[in-house]
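Chain and residue survey
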Amino acid sequence: MSAHKKLFKTVFASLFTVMAMFTVGNSLRAQVKDAPKNVSAPEVVFQVVAERDSLHRGESVITSVIVTNRSAIVVRILQLSLLQNNSGFSSDAPSPALEVVPAYGTEIREMPVKAGDNSEYQLHHLAFKLEYIWNDGTADHHSAQTASINLQVARQFEDEAKGLPGGTAALLYLILPIMTIFFAYQIVESLRKGEGLKVPEFKAAYLAPAFLLAICVNFYMVVEWKKDQGYLYSDPERFAWFLLILTGAGSLIPGTRWILQGLHWRKFAFREDDTMKEYLRKALAQSQSNDFQWGTGTFGGQEWEGVLLQQPDGKTVLGARLQVIPKPDAGTTSDALKQIVDAKGNILNTEKLLELVRSDAVDLNFQEKISQGGIRLNKLAAVKRVAGFTANTRVAKPILTLLE
């Protein structure tokens, strides 16, 4: 009996051990089955390509955003953005609509990028960020990628400046304001002098002072406006106003002279339709002491005689001699008039004389008329008909005499 009992106990222990091992095995297999799977992210290629690699301040360039999905997992786009940095670039447009990139698919969208007004004139490295979501069958996962492009911010007129001394737009930025002022001054001055439209010459001797003035202007802009001169060239409208202001500055001095010259000409230039009052006022403005010369000479095949007078531009015209006559009914007697104009024609008080003339307190009449080929002209002045006249003989004669 004891041997059978020992055998039974041995078999029972063996069965119990096998059952325990089976139970543990099943438990381990269940744990392995419930363990998380290894996650493999989809292969997404993110690229950004610019339509050109150079632009100016304030300009925009179109970039092509390319997203390629090289896996069987669908990718959903969350956001595409331009990473902000100190380059001064921005994208005012909303992110391109890249909602879903299908399996093994490619999506392409356009995104404008704009250079700021203060962007440095150099090569800029711009970074773009793509954020997207993908699902491994059990949960969503968030991923991100970056891509970059290089954009060169160039100065306006960079290519045009290559033919100038120095060959850079930076030098052109410095001297262009001074050149504009200089050219405007010379052109308006030549028109004022009656020389016609002349293209001014910017000599090499002007370059050093122009450069010095340009440095001062640029320094003022940096200190007062916190802007360099490139700011004025980055926007076409701003540049047009800048040139207009510079042209006005250059034209200010000769333009003012021209206006004053026109006023002076209108007030003192002789015309053939002048009244005797106007004629005498203009003549006495040239010699208040009544010291004039009677000239004789040949011009245009004819003999001319007359008082030698000058227009404001220095050209010679011929005038007539006058006589002043007292008007007793206006309160002006011969004795009173002799205190202003003596018997020899010397004018003792020009202002008083002109006051009497303006108030019609005296009469004016011809004393000696202009002679053309022996014919006395009923004109106070000969202007256009004697342009270029030169007198052969000159005799001192007063332009105004007193008739008692």
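A brief report on the enclosed structure follows. Positions within a chain are numbered from 1, following the residues in the order the chain's sequence is written. It should be noted that, the model being predicted, local features are given only for residues of pLDDT at least 70 and side-chain atom pairs only at 80 or more, the latter also being counted only at that level, while totals for whole chains, interfaces and linings use all residues. With hydrogens and water set aside, each side-chain value is computed from the structure's full complement of heavy atoms.

**So, the side chain of serine 143**
In DSSP terms, a helix is any run of H or I states spanning at least four residues, a strand is any run of E spanning at least two, and both are numbered starting from the N terminus. Residue position: serine 143 is located in strand β9 (residues 140-153). A distance of 2.9 Å separates a polar atom in the side chain of serine 143 from a polar atom in the side chain of tryptophan 134. Any pair of N or O atoms that falls within 3.5 Å is considered a polar contact. Within protein, one atom must be able to donate a hydrogen and the other to accept it, and sequence-neighbouring residues count only if both atoms are side-chain atoms.

**Some remarks on the sheet that holds strand β4 (residues 75-82)**
Here, any two strands with at least 2 DSSP bridges between them count as paired. The sheet built from five strands is open, its strands ordered β2-β9-β8-β4-β6 with mixed pairing. Each end of this open sheet is capped by a strand with a single partner; those strands are β2 (54-55) and β6 (100-101). Note that β4 and β6 share two bridges and pair antiparallel. Considered in β6, the bridge of valine 75 is made with valine 101.

**Description of the sheet that holds strand β14 (residues 362-368)**
Ordered by their spatial adjacency, three strands build an open sheet running β14-β13-β19, and the pairing between neighbours is mixed. Here the strands that pair on one side only, and so sit at the sheet edges, are β14 and β19 (400-402). Across the sheet, the mean angle separating the axes of adjacent strands is 30 degrees when strand polarity is ignored. Across the sheet, helix α6 (residues 276-284) lies against β13 (321-326), β14 and β19, angled at about 75 degrees from β14, the strand it touches most. Interaxial angle, 0 to 180 degrees, is taken between N-to-C directions of lines fitted to C-alpha atoms, where a helix line uses only the stretch in contact. Two residues form a contact once any of their heavy atoms are found within 4.5 Å.

**Regarding the pattern of salt bridges**
A side chain of one charge can pair with a side chain of the opposite charge when the charged atoms of the two come close. A side-chain nitrogen of Lys or Arg and a carboxyl oxygen of Asp or Glu constitute a salt bridge if their distance falls within 4 Å. Scanning the model with the defined rule gives 14 salt bridges in all. Where glutamate 272 meets arginine 385, a salt bridge forms, and the shortest distance between an N and an O atom there is 3.7 Å. Placement of the pair is glutamate 272 in the loop between α5 (236-268) and α6 and arginine 385 in the loop between β17 (381-382) and β18 (393-396), with a sequence separation of 113 residues. A salt bridge links glutamate 368 to arginine 321; the shortest N-O distance between them is 3.0 Å. With a gap of 47 residues between them, glutamate 368 in strand β14 and arginine 321 in strand β13 connect regions that are remote in the sequence.

**Details of unusual backbone geometry**
For tyrosine 104, which is not a glycine, the phi torsion comes out positive at approximately 55 degrees. With respect to the helices and strands, the residue tyrosine 104 is situated in the loop between β6 and β7 (106-115). Each residue is placed in one exposure class: buried if its accessible area under a 1.4 Å probe, protein chains only, is under 20% of its type's maximum, exposed if it is over 50%, and partly exposed if it falls in between. The class for tyrosine 104 is exposed, based on a relative accessible area of 60%. With a phi close to 60 degrees, aspartate 360 is a non-glycine residue in the positive phi region. Mapped onto the fold, aspartate 360 is located in the loop between α8 (350-358) and β14. Taking relative accessible area as the criterion, aspartate 360 reaches 38% and is therefore assigned partly exposed.

**Here we look at the packing of aromatic side chains**
Within 6.5 Å between ring centres, the rings of Phe, Tyr and Trp (the latter by its six-membered ring) count as paired, and their orientation is classed by plane angle as stacked under 30 degrees, edge-to-face over 60, tilted in between. All told, the structure shown has three aromatic pairs when counted by the stated rule. Relative to phenylalanine 389, the ring of phenylalanine 299 lies with its centre 6.5 Å away and its plane at 75 degrees, an arrangement referred to as edge-to-face. In this pair, phenylalanine 299 is assigned in strand β10 (residues 293-299) and phenylalanine 389 in the loop between β17 and β18, connecting sequence segments 90 residues apart. Residue phenylalanine 389 is classed as buried on the basis of its relative accessible area, which comes to 4%. The ring of tryptophan 294 has lysine 397 sitting right over it, with the charged end atom 4.9 Å from the ring centre. Geometrically, a lysine NZ or arginine CZ counts as sitting over a ring once it is within 6 Å of the ring centre and also within 35 degrees of the ring normal.

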